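Structural features, examined
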Amino acid sequence: MEKWFVAAQKADFQKWAADFSISPVLARILRNRDLTENTEIEKFLYGKLEDCYAPGLMKDMEKAAGITLQAILEKKAIRVIGDYDVDGICSAYILTKGLKTLGANVSTAIPHRIHDGYGLNDHLIELAKADGVELIITCDNGIAAAPQIALANANGIGVIVTDHHEVPFVEEEGVRREILPAALAVVDPKQESCGYPFKSICGGVVAYKLVQALFEKADALQDEKLRPAEVLEELLEFAALATVCDVMELKDENRIIVKEGLKRLKNTRNQGLRALMEVNSIEPGKLSAYHLGFVLGPCLNATGRLDTAKRALELLQSESKVDAMSAARELKDLNDSRKNMTLQGVKEAEAYIAAHHLEQDPVMLVYLPHVHESLAGIIAGRIREKYNHPVFVLTKSEEGVKGSGRSIESYHMYEAMTRVKHFFTKYGGHKLAAGLSMEEKDIEALRRAMNADSGLTAEDFIPRVHIDVPMPLSYADEDLAAELDLLEPFGVGNPKPLFAQKNLTFRAGFKMGVNKNFARFRVSTPEGMDAQVVFFGDLERFGAFLDEKYGSGSAQALYAGRGDFSISVVYQLSLNTYRGRTEVQFVMQHYC
């Protein structure tokens, strides 16, 4: 069961509407995004790259740029070490391209998910030593790699950390003390002593900022061969892609980076990205944040899950269309395979939950030893969506057990894991997502420990639906629907607005699509307006809801055109163009 809430944030909406030439409805939505000051609203609606924060505001950024530039001038062998997800791949691409532009002697390494595990590890340090590397720059990892960085130091290899993950800590007598690696420079906005104004950036953006800082310093050398503006234009595309795929909040400068990055992505000159769009039948001009997060991103991720993420990096670095198309097709095939494996894994997880009565646990630990370890995070996300509980999915690996977790808003997963860190051989992550390694024998003890100290109540498991504006369908016209484009791109922290109207009368239903898996309903409003409502959700569940509320056979009656059912609806508003005709479209999201 869901709980519906109408946002009740207050402001002078008429004044905002007049000041910014927007409707009072849009003004209300902006207030619901926690905006209060005119400068914030101006930045949200019309922010430009110039409104993003200077790289030098990040702790150790100037130091990192200085050390790196000196290494470039001295022709030292530099190795960029990224990670196997989209953020790690994009971060590695950004740093490598930026360093090559400056003439660096640079190579790139991406850890293998199964053989290496997450981020920096002893094996990668040993390879770097064997290859004569003198400076390692991490991206999207490193903040939790103190032992590995100590090993690098012992072998005469300097390390610069660029990361965005939570900083490991210990609590001593109620005081939290950060554990920072002994690197030459540690660039991570999550550090307590870092004064960067917006800490919710991804690894790709941290890498992008370092390249910016390098170009600023290099520019001081007056090297006429440099074309930093042109390179930064391309690298912005990857910062945007990483931001969306790492599920960062689309607020503040993240919103600007994604908005401006999307503009450039629509005309990208990167052969790999163009090929990936082509094999997925995406028209570049219609590219949106949705395509980044749910089409392109999963294809890049699939290589790191089922093969090696080096293939994704090679795609992005392709210089010919032939090579790019070949790699893109391979990535798409891998992603299609990953989808099928994920569906099977979700079924196994649901069966495990039922068999072990995990619905009673505030924090669900699901052990699926035979599921491919790379799918644990995706499966955890699907289970979290269904049950609205924090979920860890554990799988058997070459060395013990590995797992990924996905959380709910009221449960800080990384901090909860830190309280029981003695169970893990390795762990790391954020508030809403985390990864771990542990021994199989400790699974049950971990389950008991996490549930004994979860701090969660029954209220936390009830899904909440936050309605922006209660609004009759009759109020929504093409002008308002078009105006909502000002709010794009949509994503975490800036969801597509939700509207609601009570007591719509559902008259008839028409199942649509090749598989008849979505529907269009003819409805009447209390004001006497007739309208069409589209629903892309679970039709079987909606039918069961009708039969339970209005009696057996109600769903059948609705699709036969004999409906007379009063239903309150939460909906989204958009414009739909079909065969040259544009009209307002109401998309039902929730009902009761």
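Relevant structure appears above.
Parameters at a glance
Residues numbered from 1 in each chain as written. Predicted model: local features only at pLDDT ≥ 70, side-chain atom pairs only at ≥ 80, totals over all residues. Heavy atoms only, no water. Buried < 20%, exposed > 50% of the residue type's maximum accessible area, 1.4 Å probe, protein only. Helix = DSSP H or I, 4+ residues; strand = E, 2+ residues; numbered from the N terminus. Pairing = 2+ DSSP bridges. Right-handed = clockwise from strand over helix to strand, strands pointing away. Contact = heavy atoms within 4.5 Å. 1 Å grid on protein atoms, 1.4 Å probe; cavity = no way out; pocket = protein on both sides within 12 Å on 5 of 7 lines; lining within 4 Å. Points joined across faces, edges and corners; volume = space filled by probe spheres on them. Nonpolar A, V, L, I, M, F, W, Y, C, P; charged D, E, K, R; others polar. Arc of directions from axis to C-beta. Polar contact = N/O pair within 3.5 Å; in protein donor to acceptor, adjacent residues only side chain to side chain. Axes fitted to C-alpha atoms, helices over the stretch in contact; angles between N-to-C directions. Lys, Arg positive; Asp, Glu negative; His and termini not counted. Salt bridge = Lys/Arg side-chain N within 4 Å of Asp/Glu carboxyl O. Core = buried A, V, L, I, M, F, W, Y, C linked by side-chain atoms within 4.5 Å.

The subject of this paragraph is the pairing of strand β10 (residues 391-396). The buried fraction of β10 is high, at five of six residues. Taken together, the four bridges between strand β9 (residues 364-367) and β10 define a ladder with parallel strand orientation. Each bridged residue has a counterpart across the sheet, and for Leu 365 the counterpart in β10 is Phe 392. Each parallel crossover has a hand, and the one from β9 via helix α15 (residues 376-387) to β10 is right-handed. Two elements, β10 and strand β11 (residues 401-406), share six bridges in a ladder whose sense is antiparallel. Each residue of the ladder has a partner; that of Val 393, found in β11, is Ser 404. In this structure, the hairpin formed by β10 and β11 is closed by a connection of four residues, where Gly 400 is found at a positive phi of approximately 80 degrees.

Once that is clear, we can look at the environment of Asp 547. Tracing the chain through its elements places Asp 547 in helix α19 (residues 539-550). On the basis of relative accessible area, Asp 547 is assigned to the partly exposed category, the value being 30%. Considering only alpha carbons, one finds Asp 547 and Asp 246, 301 residues apart in sequence, at a separation of 40 Å. Beyond its immediate chain neighbours, meaning those up to four positions away, Asp 547 contacts Ser 552, Gly 553, Ser 554 and Ala 555.

Attention now moves to empty space enclosed by the protein. Evaluation of the coordinates by the stated rule reveals one cavity of 30 Å³ or more. Reported here for the largest cavity is a volume of approximately 40 Å³. In terms of lining residues, the largest cavity is bounded by Tyr 411, Ala 416, Arg 419, Val 420, Ala 449, Met 450 and Asp 453. Breaking the lining of the largest cavity down by element, the ones donating at least two residues are α16 (413-419) and α17 (443-452). Split by residue class, the lining of the largest cavity holds five nonpolar, no polar and two charged.

Below, the discussion takes up helix α6 (residues 122-130). Those residues of α6 lying buried are Leu 124, Ile 125 and Ala 128. Buried residues of α6, seen end-on, are gathered within an arc of 100 degrees and therefore sit on one face of the element. Of the surrounding elements, those touching the buried residues of α6 are β2 (77-81), β3 (105-109), β4 (135-139) and α7 (146-154). You can read the cap of α6 off the contacts: a side-chain oxygen lies 3.0 Å from the backbone nitrogen of His 123, and it is on Asn 121.

Peptide bonds are trans in most cases, and residues, glycine excluded, mostly fall at negative phi. Of note, the bond from Glu 488 into Pro 489 is cis; its omega dihedral lies within 30 degrees of zero at 5 degrees. Relative to the assigned elements, Pro 489 resides in the loop between α18 (478-483) and β16 (499-512). In this model, Asn 503 sits at a positive phi of 55 degrees, which is unusual for a non-glycine residue. With respect to the secondary-structure elements, Asn 503 resides in strand β16. The exposure class of Asn 503 is partly exposed, given its relative accessible area of 43%.

Pairing within the open sheet is parallel, and its five strands lie in the order β3-β2-β4-β5-β8. Two strands lie at the open edges of the sheet, namely β3 and β8 (185-187), each paired on one side alone. Across the sheet, the mean angle separating the axes of adjacent strands is 20 degrees when strand polarity is ignored. Judged from the three bridges that link them, strand β5 (residues 158-162) and β8 form a sheet pairing that is parallel. Among the inter-strand pairings, Ile 160 is bridged to a residue of β8, identified as Ala 185. Packing of α6 onto the sheet brings it into contact with β2, β3 and β4, and relative to β2 it is tilted by some 160 degrees.

Among the structural elements, Asp 163 can be located in the loop between β5 and β6 (169-172). Buried charge without a partner: Asp 163 forms no salt bridge, and the closest opposite charge is Lys 190, 7.9 Å away. A distance of 3.3 Å separates the side chain of Asp 163 from the backbone nitrogen of Asn 141, its partner in a polar contact. A distance of 2.7 Å separates polar atoms of two side chains, one belonging to Asp 163 and the other to His 165. Ignoring any residue separated from it by four or fewer positions in sequence, one finds Asp 163 in contact with Tyr 118, Asp 140, Asn 141, Gly 142, Ile 143, Val 187, Asp 188, Pro 189 and Val 206.

Relative to the helices and strands, His 412 resides in the loop between β11 and α16. Separated by 63 residues in sequence, His 412 and Ala 349 place their C-alpha atoms 23 Å apart. With residues up to four places along the chain from it excluded, the contact list for His 412 reads Glu 166, His 430 and Lys 431. Here Glu 415 takes part through its backbone nitrogen, which lies 3.2 Å from a polar atom of the side chain of His 412.

Another aspect to go through is the nonpolar core. Core analysis: the largest hydrophobic core is formed by 86 residues, its most contacted members being Ile 78, Leu 99, Leu 276 and Leu 300. Broken down by element, this core gets its largest block of residues, eleven residues, from helix α9 (residues 228-245). Sequence-distant contacts of Ile 78, defined by excluding residues within four places in its chain, comprise Thr 68, Ala 71, Ile 72, Leu 99, Ala 104, Asn 105, Val 106, Ser 107, Val 133, Leu 135 and Ile 137. Ranked by size, the runner-up nonpolar core spans 46 residues in total, among them Phe 13, Ile 41, Met 471 and Phe 586.

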